[in-house]
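Okay, here's what each chain looks like letter by letter:
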Amino acid sequence: MLNKDVLDKYVKLSNGKVGRVIRIRSQLRGKVVEVEVNPSDNEYKYELAALDKEQALTDARFKNLLHIVEVIGEKITI
Amino acid sequence: MSIRNWNIDSQEELKAWRDNLFLDDTDVEHIAQKYNQNFEEIKRVKEYLFRNDDLLDAVNAKMWKLAKSVEMHLSVINFISHEIIQSGKMQREEISFLDTSSRDAVWRRLHTETLVEQDLPPEALFHPDVITQHASEFSSRYHNYWK
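Rules of the game
- Residues numbered from 1 in each chain as written.
- Chains lettered and ligands numbered in written order.
- Predicted model: local features only at pLDDT ≥ 70, side-chain atom pairs only at ≥ 80, totals over all residues.
- Pairing = 2+ DSSP bridges.
- Helix = DSSP H or I, 4+ residues; strand = E, 2+ residues; numbered from the N terminus.
- Axes fitted to C-alpha atoms, helices over the stretch in contact; angles between N-to-C directions.
- Core = buried A, V, L, I, M, F, W, Y, C linked by C-beta atoms within 7 Å.
- Buried ≥ 20, exposed ≤ 12 C-beta atoms within 10 Å, placed from the backbone.
- Contact = placed C-beta atoms within 7 Å.
- Parallel < 35°, antiparallel > 145°, perpendicular 65-115°, else oblique.
- Left-handed = near helix turned anticlockwise from the far one by under 90°.
- Nonpolar A, V, L, I, M, F, W, Y, C, P; charged D, E, K, R; others polar.
- Bend = angle between axes of the 7 residues up to and from the residue.
- pLDDT = per-residue confidence, 0-100.

**Q** Can you lay out the sheet that holds strand 1 (residues 10–13) of chain A for me, pointing to particular residues and giving the numbers?
**A** Residue and element names in this part refer to chain A. Reading around the circumference, 1-2-3-4-5 is the order of the five strands in this closed barrel, with mixed pairing throughout. Averaged over all adjacent pairs, the angle separating strand axes in this sheet is 50°, with direction ignored. Pairing between strand 1 and strand 2 (residues 18–27): three bridges, direction antiparallel. Its bridge partner being in strand 2, tyrosine 10 is matched across the sheet by arginine 20.

As structure tokens, this is what we get:
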């Protein structure tokens, strides 16, 4: 996925949460997105996820990161 | 569009910049003095941001360059304060800054807690010129924040 495909978009993460991509970090290991979610009690407002699903599943440097399951679009439609 | 010449845009430039950074701590002394912070805390932030190869990021490097420069901007104060608090939390939990997966595991909690303590949104942490230079990495709210 390209940056423009996810930036400012709502995405579904591999933990089932839905949130908006607010930043993409271009780290030496690869791209990581910051996602702002609507937390319920005892949860946190920001999540980190790998931009590349394959990298998240196979690369040890991404062991504790979520990945993007689906790009939902500009707004959440219920 | 900013006309700054950062010289750290490729991965090779970034790694070379980082390697050079750790030759001495004159940057730490300067930033600690400029922002009236403790030397050891700024040294910890330097280790936290730049020692781990996996997490090297040109955005953080450019914010550090701004911190070292003669300029003063609120975003740099916010950025330095954020990294002091967050790296301190991580150190107290005895997580090695070189352990990428452990850092990832606690980031969402520590990042959220730190922003709450600072009473800041995440877009307040980055200089508008850095946001402009990395336009495709920041959402619209970052671009609009300093206008």
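**Q** Could you give me a rundown of the nonpolar core, with the residues and numbers involved?
**A** Counting residues in each nonpolar core, the largest one holds 27 residues, and the members touching the most others are Met63, Ala67, Val76, Phe79, Ile80 and Phe126 of chain B. Those elements that place two or more of their residues in this core are helix 1 (11–21), helix 2 (26–34), helix 3 (39–50), helix 4 (58–68), helix 5 (74–92) and helix 7 (128–133) of chain B. Apart from the residues lying within four places of it in its own chain, the contact partners of phenylalanine 79 of chain B are Met63, Leu125 and Phe126 of chain B. The next biggest cluster of nonpolar side chains, apart from the first, holds 23 residues, and it includes Val33, Val35 and Phe62 of chain A together with Leu110 of chain B.

**Q** How would you explain the packing of helix 2 of chain B against helix 3 of chain B if you had to name every residue and give the values?
**A** Residues and elements named next belong to chain B. In the contact formed by helix 2 and helix 3, the axes pass within 9 Å of each other and the chain directions differ by 125°. Comparing the axis directions of helix 2 and helix 3 gives the class oblique. Crossing geometry of helix 2 relative to helix 3 is assigned as right-handed. Side by side, helix 2 and helix 3 meet where Val28, Glu29, Ile31 and Ala32 of the first sit next to Phe39, Ile42, Lys43 and Lys46 of the second.

**Q** Explain unusual backbone geometry residue by residue, including any values.
**A** Phi is positive for aspartate 8 of chain A, which is not a glycine, with a value near 70°. Here aspartate 8 of chain A lies in the loop between helix 1 (3–6) and strand 1. If you check the backbone angles, glutamate 94 of chain B has positive phi at about 60° while not being a glycine. Given 7 C-beta atoms within 10 Å, glutamate 94 of chain B falls into the exposed group.

**Q** Provide a residue-level description of the packing of helix 3 of chain B against helix 5 of chain B, including the pertinent values.
**A** Residues and elements named next belong to chain B. Between helix 3 and helix 5, whose axes approach to 9 Å, the crossing angle comes to 80°. Taken together, the axes of helix 3 and helix 5 are roughly perpendicular relative to one another. Between helix 3 and helix 5, the contacting residues are Glu41, Arg44, Val45, Tyr48 and Leu49 on the first element and Ile80, Glu83, Ile84, Ser87 and Gln91 on the second. Tallied by class, residues from the contact of helix 3 with helix 5 come to five nonpolar, two polar and three charged.

**Q** Tell me about helix 6 (residues 100–118) of chain B, and name the residues and values.
**A** Along helix 6 of chain B, the helix axis deviates most sharply at tryptophan 107 of chain B, where the bend reaches about 50°. Buried residues belonging to helix 6 of chain B abut strand 4 (46–50) of chain A together with helix 5 of chain B. The first or second residue beyond helix 6 of chain B is aspartate 119 of chain B, which carries a positive phi of 55°.

**Q** Tell me about the interface of chain A and chain B, residues and numbers included.
**A** Counting residues at the interface gives 22 residues for chain A, matched by 23 residues for chain B. At the level of secondary structure, the elements contributing two or more residues to the side of chain A that touches chain B comprise helix 1, strand 2 and strand 4 of chain A. With seven residues, the top contributor of residues to the side of chain A that touches chain B is strand 2 of chain A. Split by residue class, the side of chain A that touches chain B holds nine nonpolar, four polar and nine charged.

**Q** So, the confidence of the model for chain B: which residues are in play, and what are the values?
**A** Taken over all residues, the pLDDT of chain B has a mean of 95, while the share at 70 or more is 98%. Across the assembled chains, the prediction reports ipTM 0.92 with pTM 0.94.

**Q** Explain the environment of glycine 73 of chain A residue by residue, including any values.
**A** Residue and element names in this part refer to chain A. Mapped onto the secondary structure, glycine 73 falls in strand 5 (residues 66–73). For glycine 73, a count of 10 C-beta atoms within 10 Å translates into the label exposed. Between the C-alpha atoms of glycine 73 and lysine 9, which are 64 residues apart in sequence, the distance is 5.2 Å. Residue contacts for glycine 73: discarding those within four places in its chain leaves Lys9 and Tyr10.

**Q** So what about the pairing of strand 3 (residues 30–37) of chain A? Which residues, and what values?
**A** Residue and element names in this part refer to chain A. Here strand 2 runs beside strand 3; their pairing, made up of eight bridges, is antiparallel. Across the sheet, the residue bridging to glutamine 27 is glycine 30, located in strand 3. What sits between strand 2 and strand 3 in their antiparallel hairpin is a turn of two residues.

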